[in-house]
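Chain by chain, the residues run as shown.
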Amino acid sequence: MAPGTVPLRVVGVSHHTAPLEVRETLAFDPDEAADFLARGYREECWTEAMLLSTCNRTEIYASPGPGCRDGGLESRLAAARPRMRDAAPEILYRNEGAGAVRHLVRVACGLDSMILGETEIAGQVRDAHVTAREAGTAGPLLERVVQAALRISRRAREETGIHRGVGSVPAAALAVARRHFSDFRDRRVLVVGAGEAARIGAKLFAGERPGALWITNRTPARAVSLASDVRAATWSWPCVEGALADVDVVLSAVRAPEPVFGYEALRAAARRRAGRMLVLLDIGVPRSVDPRARDLEGVFLHDVDALERLVDQDREKRLAEVVKVEAMVEEGLARILLGEERSAAEPVVAEIRRSLEELRAREVERSLRYFAPEQREHLDRLTRSLLDKAFHEPMRTLRESGPDAPRESWVRRLFGLRRRDGGKGRGA
Amino acid sequence: MDTILTVLNAILPALYGAAAVLYGLLLARDLPLARRAGTRLLVATVVLHVGYVVLGGVWAGRHPIADKFEMFSFAALSMAVSYLWVEWRRKNAYTGVFPLSLAFLLQACASLGRGERRELPEILRNPLFAWHSASAAVAVAALSVGAVYGGLFLVMYRLLKRGDLGPFTERMPSLDALSAMSLHAVEVGFVALTLAVGSGDLWVHGSPGLSMADPQVWTTFAVWAVYGAALLGRYAAHWGGWRIVALNLAGYAVLFGSLLTVGRVFETFHRFTGRP
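Quantities reported herein were computed from a predicted structural model and do not represent experimental measurements.

Cut-offs applied
- Residues numbered from 1 in each chain as written.
- Chains lettered and ligands numbered in written order.
- Predicted model: local features only at pLDDT ≥ 70, side-chain atom pairs only at ≥ 80, totals over all residues.
- Heavy atoms only, no water.
- Helix = DSSP H or I, 4+ residues; strand = E, 2+ residues; numbered from the N terminus.
- Buried < 20%, exposed > 50% of the residue type's maximum accessible area, 1.4 Å probe, protein only.
- Contact = heavy atoms within 4.5 Å.
- Areas by Shrake-Rupley, 256 points an atom, 1.4 Å probe, with all protein chains shown as cover.
- Pairing = 2+ DSSP bridges.
- Axes fitted to C-alpha atoms, helices over the stretch in contact; angles between N-to-C directions.
- Buried area = accessible area lost by both parts, 1.4 Å probe.
- Salt bridge = Lys/Arg side-chain N within 4 Å of Asp/Glu carboxyl O.
- Polar contact = N/O pair within 3.5 Å; in protein donor to acceptor, adjacent residues only side chain to side chain.
- Nonpolar A, V, L, I, M, F, W, Y, C, P; charged D, E, K, R; others polar.
- Phe/Tyr/Trp six-rings, centres within 6.5 Å; stacked < 30°, edge-to-face > 60°.
- Lys NZ or Arg CZ within 6 Å of the ring centre and 35° of its normal.
- Patch = residues over 30% accessible without salt bridge, like charges linked within 9 Å, V, L, I, M, F, W, Y side chains within 5 Å.
- Core = buried A, V, L, I, M, F, W, Y, C linked by side-chain atoms within 4.5 Å.
- Parallel < 35°, antiparallel > 145°, perpendicular 65-115°, else oblique.
- Left-handed = near helix turned anticlockwise from the far one by under 90°.

Peer 1: Before we go on, may I ask you to explain the overall build of chain A in this structure?
Peer 2: Helix and strand counts for chain A stand at 14 helices and 10 strands. In chain A, buried positions account for 48% of the 428 residues. Within chain A, contacts between residues at least 6 apart in sequence are counted, and of these 69% link residues at least 24 apart.

Peer 1: Looking at this structure, how should I read the overall build of chain B?
Peer 2: The helix and strand inventory of chain B stands at 9 helices and 0 strands. Looking at chain B as a whole, 52% of its 276 residues qualify as buried. Contacts in chain B between residues at least 24 apart in sequence constitute 80% of all its contacts with a sequence separation of at least 6. Total accessible area on chain B is roughly 12500 Å²; 70% of this is exposed by carbon and sulfur atoms.

Peer 1: Explanation requested: the sheet that holds strand β7 (residues 233-234) of chain A in the structure shown.
Peer 2: The strands making up a sheet associate through backbone hydrogen bonding, with each pair oriented either parallel or antiparallel. Residue and element names in this part refer to chain A. Ordered by their spatial adjacency, 6 strands build an open sheet running β7-β6-β5-β8-β9-β10, and the pairing between neighbours is parallel. Pairing within the sheet leaves two strands with one partner each, and these edge strands are β7 and β10 (299-303). The pairing of strand β6 (residues 212-216) with β7 spans 2 bridges and is parallel. The residue bridging Ile-215 from the neighbouring strand is Thr-234, located in β7. Strands in contact with helix α12 (residues 304-367) are β9 (278-282) and β10; relative to β10, the strand with the most contacts, it is inclined by about 65°.

Peer 1: Explain the sheet that holds strand β1 (residues 9-14) of chain A to me, please; I cannot follow it from the model alone.
Peer 2: Residue and element names in this part refer to chain A. The strand order across the open sheet formed by 4 strands is β2-β3-β1-β4, and the pairing between neighbours is antiparallel. Unpaired on one side and paired on the other, β2 (46-53) and β4 (93-96) mark the two borders of the sheet. For this sheet, the mean inter-axis angle between neighbouring strands, taken without regard to orientation, is 15°. Packed onto the sheet, helix α6 (residues 120-135) meets β2 and β3 (57-64) and runs at close to 140° relative to β2.

Peer 1: What's the story with the environment of Arg-287 of chain A in this structure? I'm lost.
Peer 2: Looking at the element boundaries, Arg-287 of chain A is found in the loop between β9 and β10. According to the relative accessible area criterion, Arg-287 of chain A is partly exposed, its value standing at 43%.

Peer 1: Quick question: what am I supposed to make of the interface of chain A and chain B here?
Peer 2: Quite often, the size of an interface is put as the accessible area lost when its parts meet. Contact with chain A, which involves 24 residues of that partner, is made by 21 residues of chain B. Roughly 1700 Å² is buried in total at the junction of chain A and chain B, and carbon and sulfur atoms are behind 49% of that figure. For the chain A face of the interface with chain B, the top three residues by lost area are Arg-179, Glu-297 and Phe-300 of chain A, together amounting to 35%. The interface formed by chain A and chain B holds 3 salt bridges in total. One salt bridge connects Asp-176 of chain B with Arg-187 of chain A, and the closest N-O pair in it is separated by 3.2 Å. Counting every contact that joins chain A to chain B gives 12 residue pairs in polar contact (both at pLDDT 80 or more). Contributing elements (two or more residues each) for the side of chain A that touches chain B: α8 (169-180), β10 and α12 of chain A. A class-by-class count of the residues in the side of chain A that touches chain B yields 10 nonpolar, 6 polar and 8 charged.

Peer 1: For this particular structure, what's the right way to read unusual backbone geometry?
Peer 2: Positioned with a positive phi, Arg-209 of chain A is a non-glycine residue whose angle comes to about 50°. Structurally, the position occupied by Arg-209 of chain A is in the loop between α9 (196-207) and β6.

Peer 1: Can you help me understand the packing of aromatic side chains in this one?
Peer 2: This structure, assessed with the given rule, holds 13 aromatic pairs over all chains. Here the aromatic rings of Phe-190 of chain B and Trp-224 of chain B are separated by 5.2 Å at their centres, their planes lie at 25°, and the arrangement is stacked. Of this pair, Phe-190 of chain B sits in helix α7 (residues 175-206) while Trp-224 of chain B sits in helix α8 (residues 215-235), and the two are 34 residues apart along the sequence. Under the relative-accessibility criterion, Phe-190 of chain B is labelled buried at 16%. Joined through ring pairs, the aromatic side chains of Phe-28, Phe-36 and Trp-46 of chain A make up one cluster. Here the guanidinium or amino end of Lys-161 of chain B rests over the ring plane of Phe-300 of chain A, the centre of that ring lying 5.6 Å away.

Peer 1: Can you help me understand a nonpolar patch on the surface in this one?
Peer 2: There is a patch of nonpolar side chains on the surface, built from Met-1, Val-50, Val-54, Val-58 and Trp-59 of chain B and spanning about 450 Å² of accessible area. Looking at the secondary structure, you find Met-1 of chain B in the segment before α1 (2-29).

Peer 1: Help me understand the pairing of β3 of chain A, please; the structure alone is not making it clear to me.
Peer 2: Successive residues of a regular strand alternate their side chains across the two faces of the sheet. Residues and elements named next belong to chain A. β3 sits mainly inside the fold: 7 of its 8 residues count as buried. Relative to β3, β2 is paired through 7 bridges, and the arrangement is antiparallel. Paired with Trp-46 across the bridge in β3 is Pro-64. Connecting the antiparallel pair β2 and β3 is a turn made up of 3 residues.

Peer 1: What's the story with the nonpolar core in this structure? I'm lost.
Peer 2: Soluble globular proteins tend to bury their nonpolar side chains together. In terms of nonpolar packing, the biggest core is built from 105 residues, with Phe-205 and Leu-281 of chain A together with Leu-42 of chain B touching the most fellow members. Considering every element that reaches this core, the biggest residue donor is helix α5 (residues 127-161) of chain B, with 15 residues. With near-sequence residues (within four places) excluded, Leu-281 of chain A lies in contact with Ala-173, Val-176, Ala-177, Phe-205, Val-249, Val-250, Leu-251, Ser-252 and His-302 of chain A. Counting residues in hydrophobic clusters, the runner-up holds 60 residues, among them Leu-37, Leu-52, Ala-62 and Leu-142 of chain A.

Peer 1: What should I look at first to understand the pattern of salt bridges in this one?
Peer 2: Side-chain pairs of opposite charge can arise whenever the charged atoms involved come near each other. Residues and elements named next belong to chain A. A full pass over the atoms with the stated rule returns 38 salt bridges over all chains. Residue Arg-106 is joined to Glu-326 by a salt bridge in which the shortest nitrogen-to-oxygen separation is 2.8 Å. One end of the pair, Arg-106, is in helix α5 (residues 98-108); the other, Glu-326, is in helix α12, with 220 residues separating them in the sequence. Under the relative-accessibility criterion, Glu-326 is labelled partly exposed at 23%. What emerges from the salt-bridge pattern is a single network uniting Arg-57, Glu-59, Arg-106, Asp-112 and Glu-326.

Peer 1: What am I meant to see in the packing of helix α3 (residues 68-90) of chain B against α5 of chain B here?
Peer 2: How two helices sit against one another is set out by the angle between their axes and by the gap between those axes. Residue and element names in this part refer to chain B. Running from N to C, α3 and α5 point in directions that differ by 50°, and their axes come no closer than 8 Å. Classed by the angle they form, the pair α3 and α5 counts as oblique. Handedness of the α3/α5 crossing: right-handed. Of the residues in α5, those in contact with Met-71, Phe-74, Ala-75, Ser-78, Met-79, Ser-82, Tyr-83 and Val-86 of α3 are Ser-133, Ala-134, Ala-136, Ala-137, Val-138, Val-140, Ala-141, Ser-144, Val-145 and Tyr-149. Tallied by class, residues from the contact of α3 with α5 come to 14 nonpolar, 4 polar and no charged.

Peer 1: Whenever I open this one, the side chain of Ser-199 of chain B confuses me. Can you help?
Peer 2: Looking at the element boundaries, Ser-199 of chain B is found in helix α7. A distance of 3.3 Å separates the side chain of Ser-199 of chain B from the backbone oxygen of Ala-196 of chain B, its partner in a polar contact.

Peer 1: For this particular structure, what's the right way to read the pairing of β10 of chain A?
Peer 2: With 5 of 5 residues buried, β10 of chain A lies mostly within the body of the structure. Where burial is concerned, the two faces of β10 of chain A agree: the one with Val-299, Leu-301 and Asp-303 of chain A and the one with Phe-300 and His-302 of chain A are both buried.

The values are spatial; any link to function lies outside them.
Written out as structure tokens, the structure reads:
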């Protein structure tokens, strides 16, 4: 099928084309996205539209109606985000038809993500579609294409290892903590630090719904701010070593010239814990936990080197799965395009059926007087059955081959149907 | 019926062996096919094994766990069932190779040692003996499962202590899950062992010619004491981690040693007249 058969276009900016400081000026929250879509739908000639905006991409998917001008999506985006006008034009990428569908499927599968194979993006695509639906700009085309993209993404997750493993050091820290504890609901977690890594780590651990989550930082105000973001409590910084006897996991993401957790404090804590596990995840540089902690009973220390090695290993494993997922994308894309062809043929098929049914009903009506009343029902059934059987194969072929413009015109002439522009076909 | 029993006796070790191999492949290569095939094969094996035990009892016209080989077979079945329960509860099939290898060994011993089914002597027709032998088999199975997961806990503990974050530690259940699985199995085993000791004691006192002066009884008391100390440490002194697991493994070493040596040295599980 030639590109462009599916009436879908995408225009966007992503981490591949623009740095964070540009991307963040182009991001939309859900309310802004709904407003942007509704206005574009009203003022442009889009028949359907969806806006996908995450921290790594802002993309508009739209089905332009007849008479839509080229560059409409770009100018609409530039109007909503004036910063676009200052940015280099190369940051925008465009695709249409099968290319646009392929792009959406690859995005949903995490193949286009900054962290290859990440699974959050599928949920973000689903949310973008919900927003478009609520704004009244999603129609049957987006319904089919988005649902198919999400199906392929689910299959990729189920049948390959594209999403397995970890994509960042804080995620690796959580993965390692899970090798010690299968459930955090009755575990207590302490996050040391309030920088970016600590913030990401705190959010990840908060998602595990631990029994208790504490944040501590040298600057108490920053600890309070992070704690309120992740619904945690704060722990007093001067008493941080005292936490070792109580908590099960410590995520230390702080830069300190001297270890925050010295050997003596760790040894005292290990004694009081009587063999209960204490997991120390030290992702700070320089290290904030005395490395001799490894010698203590029940104390496990994993430093940033070990966690980075894990991230690297997992990245390699995910890369090895890309070929399989790309094959699924192409297979799924072929199905989507075939489905689109078939659904494009549906109006013609329906018109032919309607026309033939009218003809049949007319002829049956005309002949009814030659038949006894008890035979009339048989006549009706017989003619209907004849028609169904005679036209079953041609209709199936028409659905499967899909009507490109010349073929549709030929079929219309063959069956004497009206042209789409309202003209009359031969013999109708 | 004898033919069916003979066929089942021959194929059960092969089925347990094949299931252990599939689970081994799953652990080593993470093949989804091995996961599906392993679980299905094991379920089929358990169904056949239940049929084998029931048919054996019906055919002999007595309870089906009357000698040490029948006890081994019942212990293998109990292990397979408890493993399937663990797999279902934990949604983790990577540990299957370990208990199933043990189940294979137990069933292989049972199948090789299976002789003609004879009439039971009068002394073993006592219902208390049936209770005693069945609960002893369950105890052996549960304590074996506890030892397997305890052993895995110690391996994981060492690997994580060394900072080894390779595929083994990724695929295994977490350390606390292994510890809990081992502990739960030991709890079940301890209760079953207590029942076996209690019913055995009642049986001995009610049967003239039997005596508690039996090496198997002494070692069983030793096993019971070690496991009792481990559980006391866990619940009274709140011990955790490798201390409990180490005690559990010590108890299992005594149990396994007694099963191997006492039976071999004294030729029978218990020193009494009228052995089966």
